[in-house]
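Here are the chains, one letter per residue:
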Amino acid sequence: MVIGVTTCDEAAVGSRDDAMPLEATTYVGRRAEIAEVRRLLGATSTVTLTGPGGVGKSRLARRAVCAVRGMFPDGVVVVKLAELREPALLVSTVAARLGLGDRAAIPMDVIVDHLHQRRMLLLLDNCEHLVDACAGLVDTLVSACPGLVVLATSRQSLGVTGERIMPVPPLEVPQPGGAPADLERYDAVRLLLDRATAVVPSFAITEQNAADVITLCRKLEGLPLAIELAAVRMRVLSVRQLIDRLDKRFAVLTGGNRGGPSRHETMRSLVDWSHELCTEPERLLWARASVFSGGFDLDAAERVCSGDGLDSRHVLDVIDALIDKSILVREEYQGLARYRMLETIRLYGEERLRAADDEQRMRRRHRDWCVELTGRFEAEWIGPDQARWVDMLIREHPNLRRALDFCASDPDEAAVGLSKVLTFKEYWIIRGLTEGRIWLDRLLDVAADDAPGRAHALWSNAFLALVQGDIDAYETHLSDAERVAERTGDEKAVAYVHHVRAYHALIGNDMPNAVELFGKSVAMFRAQGDEAGELWSTYNYGLAISLSGELDRGRRVLRDCIERLTSRGEVFWRSWALWSLAAAEYLRGDVDEAAKAGFEVLRLQRRVHDRVILAFAVTVLAGCAAHNEQPRRAARLLGVAATAWRSFGASPRNYAAFVEPVVSDTELVAGRLGFDQAANEFALGAAMPAEEAMAYVLADGEPAEETAPKNAQGTLTRRENQIAELVAEGLTNKQIAEKLGIARRTAESHVDHILTKLSFTNRAQIAAWVASRRN
Ligand SMILES: Nc1ncnc2c1ncn2[C@@H]1O[C@H](COP(=O)(O)OP(=O)(O)OP(=O)(O)O)[C@@H](O)[C@H]1O
Ligand SMILES: [Mg+2]
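Criteria and cut-off values
- The numbers attached to residues start from 1 for each chain and follow its sequence in the written order.
- Following the order in which they are written, the chains are lettered starting with A and the ligands numbered starting with 1.
- A pLDDT threshold of at least 70 governs which residues receive local features in this predicted model, and a stricter bar of 80 or more applies before side-chain atom pairs are shown or counted, although totals over entire chains, interfaces and linings include all residues.
- The side-chain values count all of the structure's non-hydrogen atoms but skip hydrogen atoms and water molecules.
- Think of a salt bridge as a Lys or Arg side-chain nitrogen and an Asp or Glu carboxyl oxygen that are within 4 Å of each other.
- The helix and strand labels rest on DSSP assignments: H or I over at least four residues marks a helix, E over at least two residues marks a strand, and numbering proceeds from the N terminus.
- Residue exposure (1.4 Å probe, protein chains only): buried if accessible area is under 20% of the type maximum, exposed if over 50%, otherwise partly exposed.
- Coordination shells were defined by N, O and S atoms within 2.8 Å of each metal, extended to 3.2 Å for Na, K and Ca; water is absent from the atom set, which can make sites look incomplete.
- Per the annotation, domain bounds derive from an automatic or database assignment of domains.
- Buried area: the accessible area, evaluated with a 1.4 Å probe, that two parts lose upon being put together, summed over both parts.
- In protein, a polar contact means a hydrogen-donor-capable atom and an acceptor-capable atom, both N or O and within 3.5 Å, with residues adjacent in sequence counting only if both atoms are side-chain atoms; elsewhere, any N or O pair within 3.5 Å suffices.
- We call Asp, Glu, Lys and Arg charged. Ala, Val, Leu, Ile, Met, Phe, Trp, Tyr, Cys and Pro are nonpolar, and the rest, Gly among them, are polar.
- When DSSP finds at least two bridges between two strands, those strands are taken to pair.
- Helix axes are fitted to C-alpha atoms over the stretch in contact, other axes to C-alpha atoms as well, and angles between N-to-C directions run from 0 to 180 degrees.
- Throughout, a residue-residue contact means that at least one pair of heavy atoms, one from each residue, lies within 4.5 Å.
- In this description, a disulfide is simply a cysteine sulfur pair whose atoms lie within 2.5 Å.
- Being near a molecule or strand, for a residue, means having at least one of its heavy atoms within 4 Å of it.
- Here the Shrake-Rupley method, with its probe set to 1.4 Å, supplies the accessible areas, and only the displayed protein chains count as covering residues.
- Buried residues of nine kinds, namely Ala, Val, Leu, Ile, Met, Phe, Trp, Tyr and Cys, make up a nonpolar core once their side-chain atoms join them within 4.5 Å.

- In the nomenclature of an unreviewed UniProt entry, the chain is known as Non-specific serine/threonine protein kinase of Herbihabitans rhizosphaerae.

### What about the pattern of salt bridges?
Piece 1. Counted by the stated rule, this structure contains 52 salt bridges.
Piece 2. For the salt bridge of Arg354 with Glu350, the shortest nitrogen-to-oxygen distance reads 3.3 Å. Taken together, the residues Arg354 and Glu350, both in helix H14 (residues 343-355) and four residues apart, mark about one turn of the helix.
Piece 3. Assessed through its relative accessible area of 46%, Arg354 is described here as partly exposed.
Piece 4. Looking at Glu350, the relative accessible area reads 9%, which means it is buried.
Piece 5. If you follow the salt bridges from partner to partner, you end up with Glu343, Arg346, Glu350, Arg354, Glu359 and Arg402 in one network.

### Some thoughts on the coordination of the magnesium ion (ligand 2)
Piece 1. Protein-derived coordination of the magnesium ion (ligand 2) comes from Ser58 (OG) and Asn126 (OD1), at a distance range of 2.0 to 2.4 Å. Of this pair, Ser58 sits in helix H2 (residues 57-68) while Asn126 is found in the loop between strand S3 (120-125) and helix H5 (131-144), placing the two residues 68 residues apart along the sequence. The residues Ser58 and Asn126 share a single accessibility class, namely buried.

### Some words on the domain arrangement of the chain
Piece 1. By the assigned domains, the chain splits into domain 1 (5-167), domain 2 (180-275) and domain 3 (278-357).
Piece 2. For the pairing of domain 1 and domain 2, the buried interface totals around 770 Å² over both sides, and the portion due to carbon and sulfur atoms is 58%.
Piece 3. Broken down residue by residue, the surface that domain 1 buries against domain 2 is led by Thr26, Val28 and Gly54, which jointly contribute 49%.
Piece 4. Taken together, the links from domain 1 to domain 2 amount to zero salt bridges.
Piece 5. At the boundary of domain 1 with domain 2, the tally comes to four residue pairs in polar contact (both at pLDDT 80 or more).
Piece 6. The class makeup of the residues in the side of domain 1 that touches domain 2 is two nonpolar, six polar and two charged.

### Topic: the sheet that holds strand S2 (residues 76-80)
Piece 1. Reading across the sheet, the five strands line up as S2-S3-S4-S1-S5 and stay open at both edges, with parallel pairing between neighbours. Each of the sheet's edge strands pairs with one partner strand only, and the pair in question is S2 and strand S5 (163-167). With strand direction ignored, the average angle separating the axes of adjacent strands in the sheet is 15°.
Piece 2. Contacting strand S1 (46-50), S3 and strand S4 (148-154), H5 crosses the sheet at an angle of about 165° to S4.

### A short note on the state of the cysteines
Piece 1. Throughout the structure, instances matching the rule amount to zero disulfides.
Piece 2. For the unlinked cysteine Cys127, the closest cysteine sulfur is that of Cys134, found at 3.7 Å.
Piece 3. The buried category is assigned to Cys127, whose relative accessible area is 0%.
Piece 4. There is no disulfide at Cys370, and the cysteine sulfur nearest it, in Cys407, is 8.7 Å away.

### Description of the site of ligand 1
Piece 1. Within the structure, ligand 1 sits among 24 residues, and Lys57, Asn126, Arg155, Glu228 and Thr344 are positioned closest to it.
Piece 2. Here an oxygen atom of ligand 1 and a side-chain polar atom of Ser58 are 2.9 Å apart.
Piece 3. Take Arg195: an N or O atom from its side chain is 3.0 Å from a nitrogen atom of ligand 1.
Piece 4. Expressed as a share of its isolated accessible area of 620 Å², the protein-covered part of ligand 1 is 97%.
Piece 5. When residues of the shell around ligand 1 are traced back to their parent elements, those giving at least two are H2, helix H6 (187-199), helix H8 (224-232) and H14.
Piece 6. Of the residues assigned to the shell around ligand 1, the class counts are nine nonpolar, seven polar and eight charged.

### Quick look at the nonpolar core
Piece 1. Of all hydrophobic cores here, the largest spans 251 residues; its most connected members are Leu124, Leu151, Trp573 and Trp579.
Piece 2. The dominant element in this core, judged by the number of residues it contributes, is helix H27 (residues 572-588), at 12 residues.
Piece 3. Those residues in contact with Leu124 that lie beyond four places of it in its chain are Val79, Leu81, Val94, Leu137, Val138, Val150, Leu151, Ala152 and Thr153.
Piece 4. Core analysis: the second largest hydrophobic core is formed by 18 residues, Val727, Leu731, Ala747 and Leu755 among them.

This is the structure in structure tokens:
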């Protein structure tokens, strides 16, 4: 029989960097429900799918999203919340899924700014444990963003104004006495058939078993998860036998009550039954693995869950058995198999773990595994595996959150958190300033005053606050850090305090102070053998020296630092060091050198996905273009940069050294192009989607031949061809105008047409194209 296999790729829905794609099992039916969700999404701003665990809310939501994609030209974003425990992180989690940064201290403003003119669908999946936080978020967003529609799944409604609640019904079941040929019209039967044939390929509905199939689906009340768990049993039991077993269980459950169990009880009973049929090691793994969040891999399971009744050599087999029983779901992420539990199943495991009084111990082991991971991150950060480590932490981010939450549970654990779990500060700089600050605040609150990591946590917190422009918090934390570091004689922390203070001077354009303080921190890091600190400080030192007027000395420091970082195979700090060189050249030196370094930054950042540096680099490249006779390109780049800055809630104005140059570049460009054309180009750049913008920015750094075909000649008019030749000879628009006896504006407009027709961005590309045509 043909199961209703649908073509929509649920896993791909809005999930460009979704760490956990949905499992690839067949989806059946639900046409009427999908149509209903579609109708509601077209009619209202918030739709919540409600119903008991396992009824199929999340899968229905995904399907519906596939079906309505076309209604939302600005796209669909899926945020899975089952693994998020902290309401305080909801906003920054949504911001991250929208591809927004959190350079501003209030990411909510950045989200509203991003969404308010967009027609977009936001799916918030599994909200039940964060109902209040979700309601607050949804209220603010839908009232500020008229084109935004929210679809939520939750065991209970959100209670926001204008919310339309759609209870998700179980799958449709046939009436008793239905004809075998008719049964496949019912979704519950089709799901049972699909999952049964996965374990018994020869299973089919026949005259003999049709009545039993109907009875079974009715007993399972059409609940998808119950059907999946029961179907697994068909490996050893016939449908009739399955029904007998269920009858016995339900009789116990209801004490012979005629009404039969509720849906919740039916589901519970099926999960209970699955549990009873597990071996002891399987039960142990089920319970223990409930401490993971966002899934886990084999290595993690072996480390965290083995021992005391579960031999680590058997973990693989136990995982295999649990997948067979539909307790674990297998997924792949970047070529690595990972395992996950549906939320209903995970909660059950957690309950068992608690009942066995083993939760604290397991959560501590889970935390220790995270500590090991972040310790390795710290040790290998400056090295060729850096990008792989960032990916690894992105993958394990929900687990890190879980571990941090555990650390915040009491003062002793908080001390461990401060000294160990925060060793991956660079990750917060790349992936979440707001989140880093939230954890630091929580741990600092709970840990004892003399906790060993306090000084480091304080300077880290000061740095993150400074980057977000929260100067009050920066000052408080940094002076606390200094006090604690001096009291405890922690020289390493003192070095970082100088470093952070120097950074404050650098962005405030106070170069004498920046040079002095970075000089101190570099020397201290070197004396202590803290290479990561030394390299981080050194390139900032080089930038400060360059901007203080000693360009040659600054260049030497920067080049030397870049060389060291390159030789270590490092990427992240190298891209910042290169940017510093670009900035120093742009502000004090040579724009060609600045552009060269700027392009290299862009090529490098692709490897670490640091979109913040994109904004910094494009600002410099725009300035270079402005001073390089490329006003059109400069205007567009200023637009690209403005959008990039905005998406992070920041602005070059936060960096005092840039204020005056950016203003004067903008004036220069407007003077060259005229205000209207400059504004037009700026708007085009600002509206470019990120990928396209990146291609545009980089196009100038690539050989011209790659971007236009040789035979594009035919697309130019005779006059344009003539002008292209003159451009290739190096003539300016004014000279071309004089030579051809035309107005300068006419010459400019011809050059613009040539650029547009050939998809070029500058005159050098026209020259290269003319030359390649001659060969
Ligand atoms: N129409 C369907 N076709 C196939 N499988 C389905 C269907 N609906 C649900 N399922 C399966 O049933 C199980 C439970 O579904 P889902 O996770 O969507 O439930 P839920 O209501 O979101 O539960 P929870 O409240 O625990 O999040 C999953 O394994 C899912 O793949
Ligand atoms: Mg769900």
